[in-house]
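# Residue-level structure breakdown
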Amino acid sequence: MPKNVIAAITAFIFSYSLFAQNALTLHGEVVDKHNNPVFGATIQSNVTGESVLAGKNGFIIKLSQFPDTLIISAVGYQVQKRIIYGSESEVKITLDEFTNELNEVTINTGYQKIPKERSTGSFYLIDSTVFNQRVGPNVLDRLDGITSSLLVDNRKNSVIKYQMRGLSTLTANAATPLIILDNFPYSGDINNINPNDVESISILKDAAATSIWGARAGNGVIVITTKRAHDKQAMQISFNSNLTIKPRPDLFSAYQMNSSDYIDLEEFLFAKGFFNSDFSNVRRPIISPVVEILQQEKLGQITAEQAKEQINAFRGIDMRSDMEKYLYRPSYNQQYSLGIAGASDFVNYRFSIGLDKGMANLAGNDNNRITIRSDNVVHLTKRWDFNPGLILTKTHSTQNSPGGFGSFTQSIAGITPYTRLVNNDGTPAVLDLYYRGVFTDTAGNGQLLDWKFRPLDELKNNNNFTDQSDVVLNLTSSYKLTNWLTAKAAYQYENDWTDNYQIHNLKSFFARDLVNEFTEIIDGTPIYHLPKGGVLVHNGGKMESQSGRFQLNIDKTWNTKNQLSVIIGSELRDMLTTSDSRRDYGYDETTLATQMPDYTTQFQTYDNVRGKTFILNATNSSKFTNRFVSLYSNGSYTYNNRYIISGSFRKDASNFFGVKTNQKWVPLWSVGGAWRISNEDFYRIDWLPELKFRMTYGFSGNLDPNASALTTISYLPASRNNPIHIPAATVSQPANPDLRWERVKQLNFGADFSMLNNYISGSIEYYTKKSIDLMNVSDLDPITGFNSVRKNSATLGGHGVDITLNTLNLNRKVKWKSTILLSYTSFKVLKTNYANASSFRISDGTSIFAVDGYNPYLVASYKFAGLDPATGDPLGYVDGEISKDYYAIFQNPLEQNVISGQALPPIFGSVRNSIQFKGFTLAANITYRLNYYFRKPSISYYSLIYNGSVGYEFEKRWQKPGDEKFTSVPSFIYPMNSNRTSFYNFSDINVDPADNIKLNDVY
């Protein structure tokens, strides 16, 4: 054990009687079960409270009253007690190791490492054992269900995926926790970090834990510490490999209107004249095969019997069969990791290389990643260390799938459920994607390129890929000025660049369609206004950042009772982000040549299929420079291993704020205290030998990355400014001279405990949280030219509870351990400054819903009153009365609608169990999410016909009087009433509880 580590002290107070004796000088030694000395163990007299530390030669302590009880503790060992009656002169004390590793926790804040027993803040540590019980290429996704307070939003359309203790901002792209990688903020793609290089992850939750990171820590902080070699470690070679396989998805488990019902609907609409305008439309809209057959029958080109026979042939076809066979496959992800680590008197070294190879369910989509990492600690002198580190990541992914289930338009006017992907002879089938088949069959009389879409050919012709590279260089030098004062200088350079290429050769439908649209045939000769050739689309981005830090660390202990730990430092950070995109026409993959079209002229598209339009000039570029300057200090003082006070102060400035100096700088601070009551002389609870109370209060901050105090404008090329045909500019965002930092204040109460010889341990925390000066839409005087602007105008408030319970259920040859996590969080919008917020009446909880007094992820719906028995129309309420006046129903205020709850679980957690036997471990993690809701998919007749809906619930619709007793699905009517459909879709009948308990993983 390190000599300078003061262990956690747990005091048992026994009833005893005291009587005076002569003073005794007691000599002793503290050893482990292997008879090795335990340096740094604390030996404390229960009578006098005096304590000493065990050194190389043991310990000497003076006792004056007998009997006395010595309390012996050390980090990593169970507390031992020895009664001294006054007749002994020497003792030998053997300590047993802890049975539960979670009590020997050291938290890494990114600036310093703090033993948990000396902390006042709220932390949670995930060690490599727990972290590696899940597999997968993404670091943060592995955290789902294994840490308290952190909610991973796995909904398909979620914007904010990770939330710690609820929402702290109303700005979606500023709501993610701050990621720290090896002591510096990580700005690159989190997918670049190889999970096999991770040693531990510290979750910083309250103000005392996060405020050291200042204005970027309002959403919580996730500190990732990578693996390093330890002093005097013999060379070790490690290899890790895992394979994850997922089956081909079952598309038939996803609802789709069956082909026969779909055809019946087409026949019904055809009889009503729904398609009449499509047949005469000069834009040649796509028309399905069944409707074409019905038209041929109507025109007398085929008989009714022939039409029926041809149509019935489609009724047994389901497009999902071809999709499963030709577009989908089982997915897999392979991970390989090789590491070499060791140490000598001069250097500690670690080198690792990782290879990830993934194949997605959609054929044509793959992902490969290679990571190389080097970390060394060079001992230049006994006091001076130099730590260079380097991480290189290279990722190559392909996106060549033409699309899967739901990617193609499936509607009355689009690709239908009975569409085939292959012909009977196995050749790729033709699909009409944008235009009517009879038009594309003969368009141009051979002068145009093939205008047919064949998905399986696209799979072969597509050449879409993304290359991403990331370089992270860390240089750290530390010098121990005295045995209690260390100076540290650190520098980080990060460069992350991404290039996405979509190479559409002339055989691809994308290129053929564009060339044809801009082709004009004059006297039988095609004139190509858009160069005849491929289309090259490039989207690139680059992020380059540099950070520098100088810090003084003070760690001093005196008189065995006083311990002071302080850091003081300053930090600079500069981040340059650029992006560019372009589209090149006439691209030749052999010569790499391109041709410039005329972007400023409106061309008549072929046969007026798109009217007159410009050729798209997709050239865009952006550049952002963000700079931060910070001054910070953090400290804690511990007295007699019983009383702890802590505090931090940080001042941040940024170039985001360009007007007032006092708004550029933001002071953020925290204070905290802890009382290890179990170390007090009066404490006599034998079954609860370790008990610690703590409290913190303070501020952290946040920043909208798109905010600016100055007016911002966007430039538009001539082809995007139709009326005047010259380049132009628009004001994207008006000036905001009052722009300032968002601030999050948090009050946290906590209790840490251990009982029954450490067989049960854990913590309970309660917190309140208030976010002020949040960026949100705010009303603006229309004379400025804007009705609203985003400014610091909103407030969020909330509270919550975090409970962690660790148990050792069985401790024999077979060991059974459990960890129970429970988190509860409740928050709501307290204030906005936006009058139109009152017009928000319904919500799915898929995006932030900023209305005073409500949770931002509210699920609110119209109140459903059943179906009209005569017509099957959905019924609602207006002023408490049943009504079919849907427009009036839409005007009901939010308070009159149905508030189901929120779309994210306020209660969540997990129960993790592990069983160990002779080096073999079996672990299982059960997660639960409670008291939240979701809006289930429901039929929209309007979308079914016009927008490609797949027709949920169509067979359950009301069709005759009496059906209202068995179904809540409205009848189908024509012509459409979009308000009728919207009311049903957003009524409370379609909201269900989303509560779930599931076995998340087994290891």
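Under an unreviewed UniProt entry, the name given to the protein chain is SusC/RagA family TonB-linked outer membrane protein, and the organism recorded is Arachidicoccus ginsenosidivorans. One UniProt comment on the protein chain, placed under Subcellular location (unreviewed entry), says "Cell outer membrane".

## Observations concerning the sheet that holds strand β14 (residues 184-185)
Reading across the sheet, the 5 strands line up as β10-β15-β16-β13-β14 and stay open at both edges, with mixed pairing between neighbours. Two strands lie at the open edges of the sheet, namely β10 (123-127) and β14, each paired on one side alone. Where strand β13 (residues 178-181) lies against β14, 2 bridges are found, and the strand directions are antiparallel. Its bridge partner lying in β14, leucine 181 is registered against phenylalanine 184.

## Examining helix α5 (residues 289-298)
Here α5 has its buried residues at Val290, Val291, Glu292, Ile293, Leu294 and Gln295. Turning to α5, the residues buried within the fold contact α3 (259-271), α4 (276-280), α6 (304-315) and α8 (437-442).

## A short note on the pairing of strand β33 (residues 690-702)
Among the 13 residues of β33, 10 are classified as buried, and the element is accordingly described as predominantly covered. Of the strand pairs in this sheet, strand β32 (residues 665-675) and β33 are connected by 6 bridges, and their pairing is antiparallel. For alanine 674, the partnering residue across the bridge sits in β33 and is arginine 694. Pairing between β33 and strand β36 (residues 742-755): 13 bridges, direction antiparallel. When the sheet's bridge partners are listed, phenylalanine 693 is paired in β36 with alanine 751.

## Remarks on the domain arrangement of the protein chain
According to the domain assignment, the protein chain contains domain 1 (24-94), domain 2 (106-227), domain 3 (463-618) and domain 4 (839-904 + 936-993). Using C-alpha coordinates to define each centre, domain 1 is positioned 73 Å away from domain 4.

## Regarding the environment of valine 471
Inspection of the secondary structure assignment puts valine 471 in strand β22 (residues 463-480). For the pair valine 471 and asparagine 913, spaced 442 residues apart in sequence, the C-alpha separation works out to 38 Å. The residues contacting valine 471, other than those within four sequence positions of it, are Leu390, Ile391, Leu392, Tyr493, Glu494, Asn495 and Trp497.

## Considerations on the packing of aromatic side chains
Each aromatic ring pair is specified by the distance between its two centres and by the angle formed by the two planes. Scanning the entire structure with this criterion turns up 30 aromatic pairs. Ring geometry for phenylalanine 864 versus phenylalanine 983: centroids 6.4 Å apart, planes at 20°, classification stacked. Of the two residues, phenylalanine 864 is situated in the loop between β40 (858-861) and β41 (876-878) and phenylalanine 983 in helix α14 (residues 978-985); the sequence distance between them amounts to 119 residues. Neither residue differs from the other here; phenylalanine 864 and phenylalanine 983 are each classed as buried. Members of the aromatic cluster, connected to one another through ring pairs, are Tyr434, Tyr435, Phe439, Trp451, Phe453, Phe509 and Tyr606.

## Some words on the environment of serine 714
Examined against the element boundaries, serine 714 turns out to sit in strand β34 (residues 712-716). Among the residues examined, serine 714 registers a relative accessible area of 29% and is labelled partly exposed. Separated by 17 residues in the primary sequence, serine 714 and valine 731 place their C-alpha atoms 6.4 Å from one another. Among residues more than four places away in sequence, those in contact with serine 714 are Ala728, Ala729, Thr730 and Ser732.

Cut-off values and rules
Residues numbered from 1 in each chain as written. Predicted model: local features only at pLDDT ≥ 70, side-chain atom pairs only at ≥ 80, totals over all residues. Heavy atoms only, no water. UniProt positions renumbered as here; feature names shortened; annotations may be inferred. Pairing = 2+ DSSP bridges. Helix = DSSP H or I, 4+ residues; strand = E, 2+ residues; numbered from the N terminus. Buried < 20%, exposed > 50% of the residue type's maximum accessible area, 1.4 Å probe, protein only. Contact = heavy atoms within 4.5 Å. Domains from an automatic or database assignment. Phe/Tyr/Trp six-rings, centres within 6.5 Å; stacked < 30°, edge-to-face > 60°.

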